[in-house]
Amino acid sequence: MFGKVKYAVPLVLALGTAGADESFIGMAPEEILQALIDESGSPYLSQSPQNLQMMPDNPALWVAEDGEAMFEEPRGPKNVSLEGCDFGKGPGVLKGAYVELPRYFADTGKVMDLETRLVHCMITLQGFTKDDPPVKTRHGSASDMMKLQTYIAMQSNGMKWDPPMDHPLEKALRDAGEVLFYRRSGPMDFSCQTCHGATGSRIRASVLPNVNEPAEWTKAISWPAERAGQQNVRSTQHRLRGCLWQMRYPGIIAGSDASIALISFWTDVARGQPAIMPDLKR
Amino acid sequence: MSKNITTKVALVALATTVLVTGIPAATSAAESDKAITVDYTKMSAEALAEHLLFNANGFKLEQLVQEGGPAGKRLEQDEIQKLCTPLRNKPVDSATAEKVTAIARDSIRYPEGGIELGDWKIGRELAWSGFGYRVGHKTDDHSLAKNGPGGNCYNCHQLATDRTGGNIGPPLTGYGKLRGTSDAMLKYTYDVIYNAHAYFACTHMPRLGANGILSSEQISHIMAYLLDPESPVNE
């Protein structure tokens, strides 16, 4: 049970129930965001009307188109497509797969997120090695990795975050992730909560999402998303790396169990809220 | 706090015992041929978190950092971090507050020759700069910073009104105008910058002095930015 610690914030927000009961399937990402804004009055969600206006033209949409073609194309030394890849709901089933990650996979015995599972399929199904550029290059809209991730994640747009918690390993990593989220560490004594623990918290001009508010947190974790200021679509692992970098932690290793633990926790926090795929962020 | 001592004991027990269990088991470092297999499901959340930090190929622990030594050292919690972590920002109980403020006050070192105000123009740049101490995929080279790594004050505080500051900490606009520059005020301001836990146990604010982020010369410039009547903070 993750602690719902709230500051004595003078705002009364309807955030707790926003998004919980209705269906967002069939809605465009900006419509989902607008609906959450209308219901919640969240300062985080509503901080940029310009961002909302740009969403129909999100460059991530084109990256996803490239990803769809790449997904279906026979590639690698084994010359097969990724349509045989099981992302948790069966080989080739993409609808709703992303919102049920991270999850335990029996064939590897590990809890995996989208990136680690995709890497696994590119290696085992298509025959790439971990050092081949299509696998090794994790960042940038021009990368195979981001094209594929953006496409796959987009198939869960509007669906509710629902990572499984039945397997003991799923629960173990999620709980360890919660401990990591609240751990005061490093030369700045930062935990994730230092910045993400209160509604309306702002770093300079940017309003931050509050981990205790699911309607805010669903946008917070909606990656892959185009970073407007970086002119690239960024992944979940990239966001995590960026946070820890600013927190002055040592560099996190992509796909490590430490990264899976944090991602498991933060996805569980958004449970029941609609994913905004792809998202657009500053 | 006993929870963390228990964690250390558990870790030692783990390290000296090879736990090979039936399905399910998770190999801690996927690419290594380590003989030890660790069962995450048998560990407490705290023990697993420590394991993932230090023993599961999760972080670049050996990378050299700006203050010297390996990056892994940054993840070792000190006394104040251990005392404050379980609170999760709930209001501090008086027992913890007493311990934390005592440790914090004990840590404060004053400059030789006493506390003096430096140059507010340098303080302005240091308060704005968020450069310094970042490692990982992109390491901050401190030799590139003319006045040294910044204090990043604007991240959390509003200071002068010509720039946008955050609201994680209280606004400091008009700080000097409201308080003056008595010896007591100089000491208080220095103490808070050096180790804010001296007054605010388990504060969000980093320990700019105690953790070696800012030198005493840099602190004097930032104090001038806060207290000098000529500073834009006090317009």
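Residues numbered from 1 in each chain as written. Chains lettered and ligands numbered in written order. Predicted model: local features only at pLDDT ≥ 70, side-chain atom pairs only at ≥ 80, totals over all residues.

**Observations concerning the overall build of chain B**
- For chain B, the helix and strand inventory stands at 8 helices and 0 strands.
- The helix and strand sequence of chain B, counted from the amino end, reads α-α-α-α-α-α-α-α.
- Across the 235 residues of chain B, 39% fall into the buried class.
- Long-range contacts, defined here as pairs at least 24 residues apart, represent 56% of the contacts in chain B between residues at least 6 apart. (Helix = DSSP H or I, 4+ residues; strand = E, 2+ residues; numbered from the N terminus. Buried ≥ 20, exposed ≤ 12 C-beta atoms within 10 Å, placed from the backbone. Contact = placed C-beta atoms within 7 Å.)

**Considering unusual backbone geometry**
- In this structure, the amide linkage connecting L101 of chain A to the following residue, P102 of chain A, adopts the cis form with an omega of 0°.
- Residue position: P102 of chain A is located in the loop between α3 (60-72) and β1 (103-105).
- With an omega of -5°, the peptide bond between M277 of chain A and P278 of chain A qualifies as cis.
- With respect to the helices and strands, P278 of chain A occurs in the loop between α11 (257-269) and β7 (279-281).
- Notably, D189 of chain A is not glycine yet its phi reads approximately 60°, a positive angle.
- Relative to the elements of secondary structure, D189 of chain A occurs in the loop between α7 (168-182) and α8 (192-196).
- C-beta crowding within 10 Å serves as the criterion here: with 26 such atoms nearby, D189 of chain A is assigned to the buried category.
- Phi at N152 of chain B is positive, roughly 60°, even though this residue is not glycine.
- Mapped onto the elements, N152 of chain B comes out in the loop between α5 (120-128) and α6 (175-179).
- Among the residues examined, N152 of chain B registers 25 C-beta atoms within 10 Å and is labelled buried.

**A few points about the interface of chain A and chain B**
- Residue-level contacts link 44 residues of chain A with 48 residues of chain B.
- Elements that contribute at least two residues to the side of chain A that touches chain B include exactly α7, α8, β3 (202-203), α10 (236-246) and α11 of chain A.
- For the side of chain A that touches chain B, the leading source of residues is α7 of chain A, giving 10 residues.
- Taken together, the residues of the side of chain A that touches chain B break down into 22 nonpolar, 11 polar and 11 charged. (Nonpolar A, V, L, I, M, F, W, Y, C, P; charged D, E, K, R; others polar.)

**What about the nonpolar core?**
- In this structure, I152, A176, A261 and L262 of chain A are the most contacted members of the largest nonpolar core, which totals 82 residues.
- The residues touching A176 of chain A, leaving out its near neighbours within four places in the chain, are A261 of chain A together with A45, L48, A49 and L52 of chain B.
- C153, I193, I213 and M223 of chain B belong to the second largest nonpolar core, which has 27 residues in total. (Core = buried A, V, L, I, M, F, W, Y, C linked by C-beta atoms within 7 Å.)

**Considering the confidence of the model for chain A**
- In the predicted model, chain A carries a mean pLDDT of 94, and 93% of its residues have values of at least 70.
- Of the regions scoring below 50 in pLDDT, residues 1-12 of chain A engages in 16 contacts with residues more than four places distant in sequence or in other chains. (pLDDT = per-residue confidence, 0-100.)

**A few points about the sheet that holds β7 of chain A**
All names here are of chain A.
- Strand order across the open sheet formed by 3 strands is β6-β5-β7, with mixed pairing between neighbours. The outermost strands of the open sheet, each flanked by one partner alone, are β6 (232-234) and β7. Along the sheet, successive strands turn relative to each other by an average axial angle of 35°, direction set aside.
- Inspection of the sheet shows strand β5 (residues 225-227) paired to β7 by 3 bridges, in the parallel sense. Across the sheet, the residue bridging to A225 is D279, located in β7. (Pairing = 2+ DSSP bridges. Axes fitted to C-alpha atoms, helices over the stretch in contact; angles between N-to-C directions.)

**Some words on the packing of α10 of chain A against α11 of chain A**
Residue and element names in this part refer to chain A.
- Taken N-terminus to C-terminus, the directions of α10 and α11 make an angle of 100°; their axes are 11 Å apart at the nearest point. What the angle tells us is that α10 and α11 run roughly perpendicular. Here α10 contributes T236, Q237 and L240 to the contact with α11, which in turn contributes S259, L262 and I263.
- Counted by class, the contact of α10 with α11 contains 3 nonpolar, 3 polar and no charged residues. (Parallel < 35°, antiparallel > 145°, perpendicular 65-115°, else oblique.)

**Observations regarding helix α6 (residues 144-154) of chain A**
All names here are of chain A.
- Counting buried positions over the 11 residues of α6 gives 11, a clear majority of the element.
- Every buried residue belonging to α6 is among D144, M145, M146, K147, L148, Q149, T150, Y151, I152, A153 and M154, and all of these are buried.
- The elements touched by buried residues of α6 are α3, α4 (114-124), α5 (133-136) and β6.

**Concerning the environment of S220 of chain B**
Residues and elements named next belong to chain B.
- Its place among the elements puts S220 in helix α8 (residues 216-227).
- Remark: the alpha-carbon pair of S220 and L75, spanning 145 residues in sequence, is separated by 29 Å.
- Ignoring any residue separated from it by four or fewer positions in sequence, one finds S220 in contact with E116, L117 and G118.

**With respect to the environment of S201 of chain A**
Residue and element names in this part refer to chain A.
- Position of S201 relative to the elements: it lies in the loop between α8 and β3.
- With 23 C-beta atoms counted inside 10 Å, the residue S201 sits in the buried group.
- Sequence spacing of S201 and D257 is 56 residues, and the spatial spacing of their C-alpha atoms is 29 Å.

**Brief notes about the confidence of the model for chain B**
Residue and element names in this part refer to chain B.
- Looking at chain B as a whole, its pLDDT mean stands at 89, while 85% of the residues score no less than 70.
- In this model residues 1-10 is a low-confidence stretch, pLDDT under 50, and it forms 11 contacts with partners more than four residues away in sequence or in other chains.
- Scored below 50 in pLDDT, residues 13-35 shows 27 contacts in the model against residues more than four places distant or in partner chains.
- Here the predicted complex scores 0.90 on pTM and 0.92 on ipTM.

**Quick notes on the environment of M165 of chain A**
All names here are of chain A.
- Inspection of the secondary structure puts M165 in the loop between α6 and α7.
- Using a count of 15 C-beta atoms within 10 Å as the deciding quantity, one classes M165 as partly exposed.
- Distance from M165 to S264, taken between C-alpha atoms, is 9.6 Å for residues 99 residues apart in sequence.
- Sequence-distant contacts of M165, that is, excluding residues within four places in its chain, are made with E170, K171, R174 and D268.

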